[in-house]
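Results of the structural survey
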Amino acid sequence: MSSTSKGFSERERAAMKARAAELKKEAGRGRGNKAAADEAALLAKIGEMSEPDRAVAERIHAIVTANAPELSPKLWYGQPAYARKGKVVCFFRSGQVDKERYSTFGFNPEAKLDDDSGLWATSFAVAELSDEAEETIAALVKKAVS
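Notes on the structure in this doc start here. Predicted model only: the values in this text are computed from it and were never measured. (Residues numbered from 1 in each chain as written. Predicted model: local features only at pLDDT ≥ 70, side-chain atom pairs only at ≥ 80, totals over all residues. Heavy atoms only, no water.)

Here's the deal with the overall build of the protein chain
- Along its length, the protein chain carries 4 helices and 5 strands.
- Taken from N to C terminus, the helices and strands of the protein chain fall in the order α-α-α-β-β-β-β-β-α.
- Burial status across the protein chain gives 36% buried among its 146 residues.
- Across the protein chain, contacts joining residues at least 24 apart in sequence account for 47% of those joining residues at least 6 apart.
- Total accessible area on the protein chain stands at roughly 9000 Å², and carbon and sulfur atoms take up 52% of it. (Helix = DSSP H or I, 4+ residues; strand = E, 2+ residues; numbered from the N terminus. Buried < 20%, exposed > 50% of the residue type's maximum accessible area, 1.4 Å probe, protein only. Contact = heavy atoms within 4.5 Å. Areas by Shrake-Rupley, 256 points an atom, 1.4 Å probe, with all protein chains shown as cover.)

What follows is the structure, encoded as structure tokens:
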């Protein structure tokens, strides 16, 4: 670590604490109604967001669940995510929470977005959702789980 580095930022430490709490909560739930509890936690987190992030996150949730019902909603580092067999495929990051000028919708390596060119995008800046943006997200989500 360089002498000018101070380690993790406050935002990064908060995200790590949120992830640790998520893992602890998941371990304590057992197998019972885990999916319903995970979705309820995700919807509660979206409900806590300020506008316009809340509206964007709600719309992305609707797009993902409609186009990839096999993905399970869950929290990942304190933000909405969608997983297959416990591995996160795609996620939403609130720009307001991250203190950025835009939110992010992204994909992890579990997503099958590979392109023959050897180059493909794995995350997208989201300031608002136009009809075209919604169609793009729907197509990417479908491809990610194909």
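So that's the structure; there's more coming.
Quick word on the packing of aromatic side chains
- Inspection of the entire model under this criterion finds 3 aromatic pairs.
- The interplanar angle of 75° and the centroid separation of 5.2 Å between the aromatic rings of W76 and Y77 together place this pair among those described as edge-to-face.
- Relative accessible area serves as the criterion here: at 34%, Y77 is assigned to the partly exposed category.
- Connected via pairs of aromatic rings, a cluster forms that spans W76, Y77 and F91. (Phe/Tyr/Trp six-rings, centres within 6.5 Å; stacked < 30°, edge-to-face > 60°.)

Some remarks on the nonpolar core
- Core analysis: the biggest nonpolar cluster contains 27 residues, and I60, V64, L71, F105 and F107 have the highest contact counts within it.
- For this core, the elements supplying multiple residues, two or more each, are α2 (34-48), α3 (53-67), β3 (87-93), β4 (103-107) and α4 (131-145).
- Look past the residues within four positions of F105 in its chain and what remains in contact with it is I60, V64, C90, F91, F92, S123, F124, V126, I137 and V141. (Core = buried A, V, L, I, M, F, W, Y, C linked by side-chain atoms within 4.5 Å.)

Here we look at the sheet that holds β3
- Sheet architecture is open: 5 strands sit in the order β1-β2-β3-β4-β5, paired in antiparallel fashion. The open sheet has two free edges, formed respectively by β1 (72-76) and β5 (123-126), since each of these has just one partner strand. Averaged over neighbouring strand pairs, the angle between their axes works out to 25° when direction is ignored.
- Two elements, strand β2 (residues 79-84) and β3, share 4 bridges in a ladder whose sense is antiparallel. Residue pairing for β3: R84 is matched across the bridge by K87.
- Against the sheet, α2 touches β1 and β2, its axis set at about 60° to β1.
- Against the sheet, α3 makes contact with β1, β2, β3, β4 and β5, and its axis sits at roughly 150° relative to β3, the strand it touches most. (Pairing = 2+ DSSP bridges. Axes fitted to C-alpha atoms, helices over the stretch in contact; angles between N-to-C directions.)

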